[in-house]
Amino acid sequence: EDDPTLDDQLPTLCTLGEDALLLVLEMCDSVTLCALARSTSLFTRPAPGEGLSLPERAAWAKLRRHFASGAARPYEKGAAEQHRQVLSLHERGMLRPGVLHDVPLHAVEGAGSGWEVAYQAPYQHRTSDADLDEAVPRDARYVLLGALSMTGARSTDRYERGQAVGVPLPDRETLEDGSALAFSLLAWGRRDTVLKATHGEKEFEGGATRSDNLEAGVHFYRWPAHAIGFSSDPDLFLYYADSAIKRGMREAAPGDRLSWNLETQSTGGWRAGLAYDLGDSTEWYKCCYYRM
């Protein structure tokens, strides 16, 4: 038979000792920690001698384990950023090293993501250097480049000659509410890495080249007035965009390559992993975000 006094004997969060409470909080996700941090003074005030509230200490303890295990890439927390916000990045899969695939749109644009839109346009649009330089604040810490298809295309789809084939489209309602949309691929890094000019506008004439501009397993490149993008492999073939795949040339990790033209002589586009020749596409979108 149930003991009616049992509930009175069970400890509540507010009656647990600090060490026990911290262990409990370390089992919580970032959403729960944020909610607790807005609740009572027990969770909003800094712990004596710590400078951090209990939810912040719990988030930082979880992050330390992820960083130590190599499960999370190095990350420099912003001055006004909470450890809970960084933990949210990890939970959304955004702290994995390398080129990321099939990341849900809400992981970048959802509430509390911390990413701000700098530039979004169909691949048909002729992107310029100014589109990016003027849209990303000079004091932004990180910049993200990604490709998203409004048809719901994924990197795991089958592609022939640069086009997805045999893939049923999501229904219109699913597409309109955004739940089916995901970045086929994206990568991000420090502003001065992602937007760095790695090839001279006039000195480099195009062709086989490489980029040693590396961060977290991704090689970023920019050839002003010609192309910008990234690859998990340093070897590139720029004409203008990274186009070895169309020329029948061998290249490593073709699905990890994003490349946009930065000129007005040909088309917009050009590449999103295995999808290419996107210069006239109004379904694929070029997306750039920044993080302060």
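In what follows, the accompanying structure is described. (Residues numbered from 1 in each chain as written. Predicted model: local features only at pLDDT ≥ 70, side-chain atom pairs only at ≥ 80, totals over all residues. Heavy atoms only, no water.)

### A short note on the overall build of the chain
Definition in use: Strands here mean DSSP runs of E at least two residues long; helices mean DSSP runs of H or I at least four residues long; both are numbered from the N terminus. Buried means the residue's accessible area, taken with a 1.4 Å probe over protein chains only, is under 20% of the maximum for its type, while exposed means over 50%, and partly exposed covers the values in between. The contact criterion used throughout is that any non-hydrogen atoms of two residues lie within 4.5 Å.
Helix and strand counts for the chain come out as 10 helices and 14 strands. Taking all 292 residues of the chain together, 49% fall into the buried category. If you take every contact in the chain between residues at least 6 apart in sequence, the share linking residues at least 24 apart comes to 67%.

### Some details on the pairing of strand E10 (residues 227-231)
Our working rule: Pairing between two strands requires that DSSP report at least two bridges joining them.
With five of its five residues buried, E10 lies for the most part within the structure. The alternating pattern of E10 places Ala227, Gly229 and Ser231 and Ile228 and Phe230 on opposite faces, both of which are buried. In terms of strand pairing, strand E9 (residues 218-223) meets E10 through five bridges, oriented antiparallel. Residue Trp223 lies in a different strand from E10, and its bridge partner there is Ala227. Linking E9 to E10, which pair antiparallel, is a turn of three residues; within it Ala225 sits at a positive phi near 65°. Alignment of E10 against strand E12 (residues 258-261), held across four bridges, turns out to be antiparallel. Among the inter-strand pairings, Phe230 is bridged to a residue of E12, identified as Leu258.

### With respect to unusual backbone geometry
Notably, Asp102 is not glycine yet its phi reads approximately 55°, a positive angle. By secondary structure assignment, the location of Asp102 is in strand E1 (residues 100-104). For Ala253, which is not glycine, the phi dihedral falls at a positive 45°. With respect to the helices and strands, Ala253 occurs in the loop between strand E11 (235-238) and E12.

### Some words on the nonpolar core
Nonpolar side chains in soluble globular proteins tend to end up buried together. Test applied: Think of a nonpolar core as a cluster: buried Ala, Val, Leu, Ile, Met, Phe, Trp, Tyr and Cys residues, connected wherever their side-chain atoms sit within 4.5 Å.
Residues Leu25, Met94, Trp115, Leu186 and Trp188 are the most contacted members of the largest nonpolar core, which totals 33 residues. Examining the composition of this core, we find that four residues originate from one element, helix H5 (residues 54-69), more than from any other. Grouped together as the second largest cluster of nonpolar side chains are 30 residues, Ala121, Ala140, Leu145 and Leu278 included.

### Some words on the sheet that holds E12
The strand order across the open sheet built from five strands is E8-E9-E10-E12-E13, with neighbouring strands paired in antiparallel fashion. Strand pairing shows two members of the sheet lacking a second neighbour, strand E8 (214-215) and strand E13 (270-272), which therefore form its edges. Looking at chain direction, E8 and E9 are connected through two bridges and run antiparallel. Looking at the pairing, Glu215 lines up with Val218 of E9.

### Here's the deal with the packing of aromatic side chains
The condition is simple: Here the aromatic set is Phe, Tyr and Trp, taking the six-membered ring for Trp, and pairing holds for ring centres within 6.5 Å; pairs whose planes are under 30 degrees apart are stacked, those over 60 apart are edge-to-face, and all others are tilted.
Under the definition given, this model contains 11 aromatic pairs. Ring plane angle 70° and centroid distance 5.6 Å describe the contact between Trp115 and Trp188, whose orientation is recorded as edge-to-face. Separated by 73 residues along the polypeptide, Trp115 in the loop between helix H7 (105-109) and strand E2 (116-122) and Trp188 in strand E6 (residues 182-190) bring together distant segments of the chain. We classify Trp115 as buried; its relative accessible area is 6%.

### Digging into helix H6 (residues 83-91)
Counting along an α-helix, one turn takes 3.6 residues, and residues three or four places apart therefore face a common direction. Counting buried positions along H6 yields seven of nine residues, so the element is predominantly enclosed. Inspection of H6 places His83, Arg84, Val86, Leu87, Ser88, Leu89 and His90 among the buried residues, and these make up the whole buried set. Buried residues in H6 make contact with helix H3 (30-37), H5 and strand E14 (284-291). Two residues or fewer past H6, Gly93 is found with a positive phi of approximately 80°.

### Some details on the environment of Ser243
Here is the rule we go by: A 3.5 Å cut-off defines polar contacts: any pair of N or O atoms within that distance qualifies, except that in protein one atom must be a possible hydrogen donor and the other a possible acceptor, and neighbouring residues in sequence count only when both atoms are side-chain atoms.
Mapped onto the secondary structure, Ser243 falls in the loop between E11 and E12. For Ser243 and Trp270, which are 27 residues apart along the polypeptide, the C-alpha to C-alpha distance reads 8.7 Å. Among all residues touching Ser243, those that are not within four sequence positions of it are Phe237 and Trp270. Of note is the side chain of Ser243, whose polar atom sits 3.5 Å from the backbone oxygen of Tyr239.

### What about the packing of H3 against H6?
Stated formally: A fitted line through C-alpha atoms serves as each axis, taken over the contacting stretch for helices, and the angle formed by two N-to-C directions is quoted from 0 to 180°. Just so you know how the angles are binned, under 35 degrees is roughly parallel, over 145 roughly antiparallel, 65 to 115 roughly perpendicular, and the rest oblique. Each crossing gets its hand from how the near helix is turned against the far one by less than a right angle, where anticlockwise is left-handed and clockwise is right-handed.
H6 packs onto H3 with a crossing angle of 160° between their chain directions and a minimal axis gap of 9 Å. Comparing the axis directions of H3 and H6 gives the class roughly antiparallel. The crossing of H3 and H6 is left-handed. Residue-level contacts link Ser30, Leu33, Cys34 and Ala37 of H3 to Arg84, Leu87, Ser88 and Glu91 of H6.

### Examining the packing of H3 against H5
Rules: Under the convention adopted here, Pro, Cys and the residues Ala, Val, Leu, Ile, Met, Phe, Trp and Tyr are nonpolar, Asp, Glu, Lys and Arg are charged, and Gly plus all remaining residues are polar.
Where H3 contacts H5, the axes come no closer than 9 Å and their chain directions differ by 160°. Considering the angle they form, H3 stands roughly antiparallel to H5. At the point where H3 passes H5, the crossing takes the left-handed sense. Across from Leu33, Leu36 and Ala37 in H3, the residues of H5 making contact are Pro55, Ala58 and Ala59. For the contact of H3 with H5, a count of residues per class yields six nonpolar, no polar and no charged.

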